[in-house]
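# A structural walkthrough
Next come the chains, spelled out residue by residue.
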Amino acid sequence: MKTTALRLYGVNDLRLESFELPECGDDGIIAEVVCDSICMSSFKAAEQGAGHKRVPKDCATNPVIVGHEFCGIIRQVGKKWQDKFQPGERFGIQPALNYKGSLDAPGYSFPTIGGDSTFIRIPSCVMEMDCLLKYTGEAFFMASLSEPMSCLVGACHAQYRMETPGSYHHTMGVKKGGKCACIASAGPMGLGLIDYLVHGPMAPSLVVVTDIDQARLDRAASVLTVEDAAAHGVKLVYQNTSSPTATEDLMALSQGTGYDDVFVMAPVAPLVEQGDAILAKGGCMNFFAGPMDPKFSAKLNFYNVHYSGTHIVGTSGGNTDDIREALKLMGEGVLNPAIMITHVGGLTAAGETTLNLPSIKGGKKLIYTHQDFPLTAIADFAEKGKTNPVFAELDEACKRHNGLWNLEAERIILEKMPRLA
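Residues numbered from 1 in each chain as written. Predicted model: local features only at pLDDT ≥ 70, side-chain atom pairs only at ≥ 80, totals over all residues. Heavy atoms only, no water.

This paragraph deals with the overall build of the protein. In terms of regular secondary structure, the protein is built from 14 helices and 19 strands. Taking 2.2 N^0.38 as the reference for a compact globule, 421 residues should give roughly 22 Å; the C-alpha atoms of the protein span a radius of gyration of 22 Å, in line with that estimate. Across its three principal directions, the C-alpha atoms of the protein cover 60 × 55 × 40 Å. In the protein, buried positions account for 55% of the 421 residues. Sequence separation of at least 24 residues holds for 73% of the intrachain contacts in the protein that already meet a minimum separation of 6. Looking at the protein as shown, the accessible area adds up to about 17900 Å², and 54% of this sits on carbon and sulfur atoms. Separation of charge centres in the protein, based on 37 positive and 47 negative side chains, amounts to 2 Å. (Helix = DSSP H or I, 4+ residues; strand = E, 2+ residues; numbered from the N terminus. Rg over C-alpha atoms; globule rule 2.2 N^0.38 Å. Buried < 20%, exposed > 50% of the residue type's maximum accessible area, 1.4 Å probe, protein only. Contact = heavy atoms within 4.5 Å. Areas by Shrake-Rupley, 256 points an atom, 1.4 Å probe, with all protein chains shown as cover. Lys, Arg positive; Asp, Glu negative; His and termini not counted. Charge placed at Lys NZ, Arg CZ, Asp CG, Glu CD.)

Spelled out as structure tokens, the structure:
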């Protein structure tokens, strides 16, 4: 079967190419990809090429397909998996395979499977690790975003603290009824984190969200409102921390106690140090954002480590249980990952979008892999709709859903946007 896919050959060398996939065989699965959400991790892989931990050293001669936040429809199933999967079933994927201790993952390491493609051959190791997940929902984009949501679910589960003073037993998870600070958290992953903290099972009493971009804070406050949070028993505060007294201001918001849980959502040393400075006694700081610099470091207050029991955890991705929890909560309407999406585009836009991701403002960029149209902000639909009736329809559909991406808009894309030649 022929596929068209975005392949990584080396540093900033992404090429959209058509080629033949290997046969399904007895132990493989052939699937159609419908959409892929572009992650900052894909930018990092392109930026580093073969120097990235998950990218093969020989990618220049054996290129890999990029994109790891994807979903689609199973088309062919090899004998080995016919008792578990059937053609026509929808799927999501957990890219963190942990296969035999390897870092290899779809979207980084394989020549036949990645999200920025029309069709893929899923190798046996994905099914062996139970990382091909059935999806029964209607909206494909929801399954695509289950992967980034699972990273946030996993981060919250990874938080820990001593059960009682003097105990050597840890309690896992964000502290129920505790105080939580989300630093640099008005971006797409930060929005997902707030959604889970407010609406999920962890139930902190206070969530303070910081950023230095007031426009991002304003958008966050418009889609995750303080009123809705209050209805769920959470005091939600949006705080601009561009002030020189930002750390003191954050401590004041905690009534001087500091925060039981702190999430640092950007790999910036002063933010890590700020997160450390506002920890409560026994508080846990999660360094969520992955740095590109292998020598990245920041100062840590070891006085507080010794006397106050402050500590750090770092998480990179979720596990299969996390992604199942994310899918369940989305299916129940508890979480709405549509708040993360600000742009959509066709496969022809995937390469440029990936390489320029840090400079494109907004949230998640969602690629529909069988379509051919430029990356477009939801906020620009109305203007583009003046000359393109499809964008006019998309604008109306999103306006009916509080300006957010939605199933109705997805169907318009799949039915009416130009398809790849």
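A separate point is the pattern of salt bridges. Under the criterion given, the structure shown has 18 salt bridges. Residues Arg121 and Asp27 are paired through a salt bridge, measuring 3.1 Å at the closest nitrogen-oxygen approach. Placement of Arg121 in strand 7 (residues 119–122) and of Asp27 in the loop between strand 2 (13–20) and strand 3 (29–38) is noted, with a sequence separation of 94 residues between them. Overall, Arg121 belongs to the buried group, its relative accessible area being 13%. Looking at Asp27, the relative accessible area reads 34%, which means it is partly exposed. Linking Arg411 and Glu138 is a salt bridge whose minimum nitrogen-to-oxygen distance equals 2.7 Å. Note that Arg411 is positioned in helix 14 (residues 407–416) and Glu138 in the loop between strand 8 (132–135) and helix 3 (140–158), a separation of 273 residues in sequence. Taking the relative accessible area as the measure of exposure, Glu138 reaches 52% and is therefore exposed. Overlapping salt bridges bring together Lys84, Asp130 and Arg324 as one network. (Salt bridge = Lys/Arg side-chain N within 4 Å of Asp/Glu carboxyl O.)

Across soluble globular proteins, nonpolar side chains have a tendency to be buried as a group. Ranked by size, the top nonpolar core spans 70 residues in total, and within it Phe141, Val344, Tyr368, Leu394 and Trp405 carry the most contacts. For this core, the element with the most residues is helix 3, which contributes 11 residues. (Core = buried A, V, L, I, M, F, W, Y, C linked by side-chain atoms within 4.5 Å.)

In this section: the pairing of strand 3. Counting buried residues in strand 3 gives 10 out of 10 residues, a clear majority hidden from the surface. Relative to strand 5 (residues 70–77), strand 3 runs antiparallel, the two sharing 7 bridges. Residue pairing in the sheet places Ile30 in a bridge with Gln76 of strand 5. Summarising the sheet, strand 3 and strand 7 pair through 4 bridges and their orientation is antiparallel. For Glu32, the partnering residue across the bridge sits in strand 7 and is Phe119. Judged from the 4 bridges that link them, strand 3 and strand 18 (residues 364–368) form a sheet pairing that is antiparallel. (Pairing = 2+ DSSP bridges.)

This part covers the sheet that holds strand 16 (residues 311–314). Within the open sheet, the 6 strands sit side by side as 13-12-11-14-15-16. Their pairing is parallel. Unpaired on one side and paired on the other, strand 13 (235–240) and strand 16 mark the two borders of the sheet. Between one strand axis and the next, the sheet turns by 20° as a mean value, whatever way the strands run. Of the pairings in the sheet, the one linking strand 11 (residues 179–183) to strand 14 (residues 259–264) comprises 4 bridges and is parallel in character. Directly across from Cys180, in strand 14, lies its bridge partner Asp261. Sheet strands touched by helix 4 (residues 188–199): strand 11, strand 12 (206–211), strand 13 and strand 14. Its angle to strand 11, the strand with the most contacts, is close to 170°. (Axes fitted to C-alpha atoms, helices over the stretch in contact; angles between N-to-C directions.)

Although it is not a glycine, Lys100 sits at a positive phi angle of roughly 50°. With respect to the helices, strands and loops of the structure, Lys100 is situated in the loop between strand 6 (90–93) and strand 7.

In the structure shown here, the tally under the stated rule is 7 aromatic pairs. Arranged with centres 5.5 Å apart and planes meeting at 5°, the rings of Phe287 and Phe296 form a pair that is stacked. Consider the rings of Phe381 and Phe391, whose centres lie 5.7 Å apart with planes at 40°: the pair is tilted. With Phe381 in helix 12 (residues 381–384) and Phe391 in helix 13 (residues 389–399), the pair connects residues that are 10 residues apart, well separated along the chain. For Phe381, a relative accessible area of 0% gives the class buried. By relative accessible area, which is 6% here, Phe391 ends up buried. An aromatic cluster is built from Tyr368, Phe373, Phe381, Phe391 and Trp405, whose rings are joined through pairwise contacts. Taking the ring centre of Phe19 as reference, the NZ or CZ of Arg7 above it sits at 3.9 Å. Stacked on the ring of Tyr9, the Lys or Arg Arg15 has its end atom at 3.7 Å from the ring centre. (Phe/Tyr/Trp six-rings, centres within 6.5 Å; stacked < 30°, edge-to-face > 60°. Lys NZ or Arg CZ within 6 Å of the ring centre and 35° of its normal.)

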